[in-house]
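The chain contents come next:
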Amino acid sequence: MFWLSLCFCLTVYRFDYKPKKVKVELDKKAKKRKYEYGDDEDEEVRSFVQKPRIQQSWGNEERYTDGSKWRFLEHKGPVFAPAYEPLPEKVKFYYNGKPMKLSAPAEEVATFFAKMLDHEYTTKDIFRKNFYKDWRKEMTSEEKSIITDLKKCDFSEMNEYFKAQSEARKQMSKEEKQKIKEENERLLSEYGFCIMDNHRERIGNFRIEPPGLFRGRGDHPKMGMLKRRIRPEDVIINCSKDSKHPKPPPGTKWKEVRHDNKVTWLASWTENIQGSIKYIMLNPSSRIKGEKDWQKYETARRLKKCVDRIRTQYREDWKSKEMRIRQRAVALYFIDKLALRAGNEKEEGETADTVGCCSLRVEHIKLFPKMDEQEYVVEFDFLGKDSIRYYNKIPVEKRVFKNLQLFLENKQPEDDLFDRLNTSILNKHLQELMDGLTAKVFRTYNASITLQQQLKELTCCDDSIPAKLLSYNRANRAVAILCNHQRAPPKTFEKSMQNLQTKIDEKQNQLSAARKQLKAAKANHKASHDDKSKKAVEVKRKAVQRIEEQLMKLQMQATDREENKQIALGTSKLNYLDPRISVAWCKKWGVPIEKIYNKTQREKFAWAIDMAEKEF
DNA sequence: CAGGAGACTTGTAAAGAAAATC
DNA sequence: GATTTTCTTTACAAGTCTCCTG
């Protein structure tokens, strides 16, 4: 029986799972838990990670079938940004070389700019223009009449002041720092948690964003605009009727207090730059986020089962006589093969000009019937999310290539490549192919399956733990490359690389020294043959071994870092890789989980750590 | 059925804390 | 013990996708 259940584990927690077996396993687990923890396990104590299984196995009774997200929700409301503190008299703003005292509102906005003086943003035309325009709105009419040219404004003294302030903060005594830390902890314990359905849960962002200048990414037309201060009157509170409602700060009122348990947020407000809504929600370690995350990976696993069918179908659709179907099929091929994002339309002029698959334009691809050794090569070059460049040359199948040529016919560079397609059409189609399937599921699926394959390929069973970790990171890296998760090389990269190299050199010297000593000890032992010399040999041997290990570890680190120069692993690790794959890998190879997930990550993936077994 | 509001996930940079080094 | 380096956490922008409305 034991072996039987172990076998189940082996199958069940593979990424390519069989749903029926899972159910069986879930039932068993639930029962086992129940038995293990017995009757004294009350709701409050029970960790959320068991809930998904329990609910699944108990048939999802009341609570989540009607779309509600909770029954009870109590919190203290958000923490507001501290009020503006006027600058000391001695810190001056100069206009046209002359000191000028600004009214408090104008001064506050000026400080936002002054704080960013060292940033590239303040050199950009759009940023300056937007800032200046919004700044003027805060000025008194007198100030408006005096200040007519941003170039004549001198914020440098203010900038110096803030630098000095932050320097002073660093120089504070231990006691002062301790005091601040304690105050922060108090704030966290009071406002950083809420009660949701009998659990005390950590809130993700309980502070309301302070006012400042909007920092759009890429070529954002709104960069530099003033992000205004949020007051209690702007904030909608969401909590349960029967909870203690949060109190607004003295003398203020909430915009509204509502009791909507169909949503997960605790508070919201409308931001003034894009007019979008911002939310206060729970931390990733919370039940509500964890369950959702789990669901996401379950959907990806369902895709695994029917992906062959879907692939066959879209290949078939390349031949369709309907243009829209062909476009849909080619787009889906890109999404599947290249892990492109869906690519919703965006309002022109409101955001940076970036695209995803469905919004690709003619100018973003180039076709090469022949390139080097390869045939039918497509070159992609466009700005994706966060204005990160996607550049890739890949050979495609002839049919795809011919279709692309067809799509390009009679079009201008700025025309849509897929003019008969958008994300809503695509997702509607995907929904018909599999329940819950959308474009982004392909990203999750392909990321996770890639990790699994790479781990299988790269891990050698007799590698040391550092070597295994390098393999893990390489597998992770393969995914990051697939998903195009790039980063700017860290500013100190070269230097830190050099430091590491010096360390390696030192170790090498140490090693050869230790080896020499070992040799000497051996010779000594040969000559004297006594116990003492024997012991000495052993000691030296151990030393050599230890240094060898250290050296190897350093070398692994160096390789890892070098390969990681421009690649950001975090996003894929946090959002795309089914944590059960990683956990199972750790268990299988005896790698401590802490080596791949830090504390926060372990909290976020608690559900998976708790779930996964040795093999997968 | 387009268009927009709303809700929630994904993404990078920067700040802050901790660890390593001088 | 101060300074530098590295790791962790936070901030908040920018996506995806759903749902509602006219």
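Residues numbered from 1 in each chain as written. Chains lettered and ligands numbered in written order. Predicted model: local features only at pLDDT ≥ 70, side-chain atom pairs only at ≥ 80, totals over all residues. Heavy atoms only, no water.

Attention now moves to the overall build of chain A. Within chain A, the secondary structure is distributed over 20 helices and 15 strands. The proportion of buried residues among the 616 residues of chain A is 44%. For chain A, contacts bridging at least 24 residues in sequence account for 68% of all contacts bridging at least 6. For chain A, the exposed surface amounts to about 34,400 Å²; the carbon and sulfur share of it is 50%. (Helix = DSSP H or I, 4+ residues; strand = E, 2+ residues; numbered from the N terminus. Buried < 20%, exposed > 50% of the residue type's maximum accessible area, 1.4 Å probe, protein only. Contact = heavy atoms within 4.5 Å. Areas by Shrake-Rupley, 256 points an atom, 1.4 Å probe, with all protein chains shown as cover.)

Quick look at the protein's contact with DNA strand C now. Neighbouring residues of DNA strand C: 31 residues in total, closest Arg217, Lys278, Gly343, Lys346 and Thr600. Counting only atoms of DNA strand C within 4 Å of the protein, the fraction found in sugar and phosphate groups is 87%. Here a phosphate oxygen of DNA strand C and a backbone polar atom of Asn344 are 3.0 Å apart. Arg561 is positioned such that a nitrogen or oxygen atom in its side chain is 3.2 Å from a phosphate oxygen of DNA strand C. Secondary structure elements with two or more residues in the surface near DNA strand C: α13 (439-458) and α15 (493-528). (Near = heavy atom within 4 Å. Polar contact = N/O pair within 3.5 Å; in protein donor to acceptor, adjacent residues only side chain to side chain.)

All right, on to the sheet that holds strand β10 (residues 256-258) then. Pairing in this open sheet of 4 strands is mixed, and the strands run β10-β9-β11-β12 from one edge to the other. In this open sheet, the two strands that pair with only one neighbour each are β10 and β12 (277-280). Neighbouring strand axes in the sheet, compared pairwise and without regard to direction, differ in orientation by 20 degrees on average. Direction of pairing for strand β9 (residues 236-238) relative to strand β11 (residues 267-270): antiparallel, over a ladder of 2 bridges. Paired with Ile237 across the two strands is Ala267, which belongs to β11. (Pairing = 2+ DSSP bridges. Axes fitted to C-alpha atoms, helices over the stretch in contact; angles between N-to-C directions.)

Now for the sheet that holds strand β6 (residues 199-202). Pairing is antiparallel in the open sheet, where 3 strands are placed in the order β1-β5-β6. Pairing within the sheet leaves two strands with one partner each, and these edge strands are β1 (73-74) and β6. Pairing of β1 with strand β5 (residues 193-196) involves 2 bridges; the strand directions are antiparallel. In the strand pairing of β5, Leu73 is matched with Met196. Along the sheet, helix α8 (residues 174-191) makes contact with β5 and β6, crossing β5 at roughly 15 degrees.

When the UniProt feature table is mapped onto this chain, "coiled-coil region" (unreviewed entry) is found at residues 163-190 and 497-564. Regarding residues 163-190, the helix share stands at 93% and the strand share at 0%, and the terminal C-alpha atoms are separated by 31 Å. In this annotation, residues 497-564 is assigned 96% helix and 0% strand; the end-to-end C-alpha distance for the span is 11 Å. (UniProt positions renumbered as here; feature names shortened; annotations may be inferred.)

Our next topic: the confidence of the model for chain A. The share of residues in chain A with pLDDT of 70 or more is 89%, and the mean pLDDT across the chain is 86. Taken element by element, the predicted model of chain A shows its lowest mean pLDDT in helix α2 (residues 19-37) (30) and its highest in β9 (97). (pLDDT = per-residue confidence, 0-100.)

Lining the immediate surroundings of DNA strand B are 25 residues, of which Lys289, Lys385, Arg443, Lys503 and Tyr576 lie closest. When the atoms of DNA strand B within 4 Å of the protein are sorted by group, sugar and phosphate make up 82%. Looking at the surface near DNA strand B, the elements with two or more residues in it are β12, α9 (287-317), α13 and α17 (570-575). The biggest single contributor to the surface near DNA strand B is α9, with 3 residues.

Quick look at the packing of α13 against helix α18 (residues 579-589) now. Between two packed helices, both the angle of their axes relative to each other and the distance between the axes serve to describe the pair. At their nearest, the axes of α13 and α18 sit 9 Å apart, and the two run at 15 degrees to each other. One finds that α13 runs roughly parallel with respect to α18. Handedness of the crossing formed by α13 with α18: right-handed. When α13 is examined against α18, the residues Ser448, Leu451, Gln452 and Leu455 are found in contact with a partner set consisting of Ile581, Ser582 and Trp585. Here the contact of α13 with α18 is composed, by residue class, of 4 nonpolar, 3 polar and no charged. (Parallel < 35°, antiparallel > 145°, perpendicular 65-115°, else oblique. Left-handed = near helix turned anticlockwise from the far one by under 90°. Nonpolar A, V, L, I, M, F, W, Y, C, P; charged D, E, K, R; others polar.)

What follows covers the pattern of salt bridges. Tallying each qualifying case throughout the model produces 40 salt bridges. Close ionic contact of Arg258 with Glu256 constitutes a salt bridge, the shortest N to O distance being 3.0 Å. Assessed through its relative accessible area of 32%, Glu256 is described here as partly exposed. Of the charged contacts in the structure, one is a salt bridge between Asp317 and Arg328, with a shortest N-O distance of 3.7 Å. Of this pair, Asp317 sits in helix α9 while Arg328 sits in helix α10 (residues 323-338), and the two are 11 residues apart along the sequence. Here Asp317 falls in the buried class, since its relative accessible area comes to 12%. For Arg328, a relative accessible area of 11% puts it in the buried group. (Salt bridge = Lys/Arg side-chain N within 4 Å of Asp/Glu carboxyl O.)

Attention now goes to the side chain of Asn283. Mapped onto the fold, Asn283 is located in the loop between β12 and α9. For Asn283, a relative accessible area of 13% puts it in the buried group. Apart from the residues within four sequence positions on either side, Asn283 is in contact with Arg202, Ile203, Gly204 and Lys289.

So, about the packing of aromatic side chains. A full pass over the atoms with the stated rule returns 25 aromatic pairs. With centroids separated by 5.3 Å and ring planes inclined at 20 degrees, the aromatic side chains of Phe131 and Trp135 adopt a geometry described as stacked. Of this pair, Phe131 and Trp135 both sit in helix α5 (residues 125-138), 4 residues apart, roughly one helical turn. Arranged with centres 6.0 Å apart and planes meeting at 35 degrees, the rings of Tyr314 and Trp318 form a pair that is tilted. Exposure class is identical for Tyr314 and Trp318. Each is buried. Pairwise contacts between aromatic rings join Tyr314, Trp318, Tyr333, Phe334, Phe380, Phe382, Tyr390, Phe407 and Phe418 into one cluster. (Phe/Tyr/Trp six-rings, centres within 6.5 Å; stacked < 30°, edge-to-face > 60°.)

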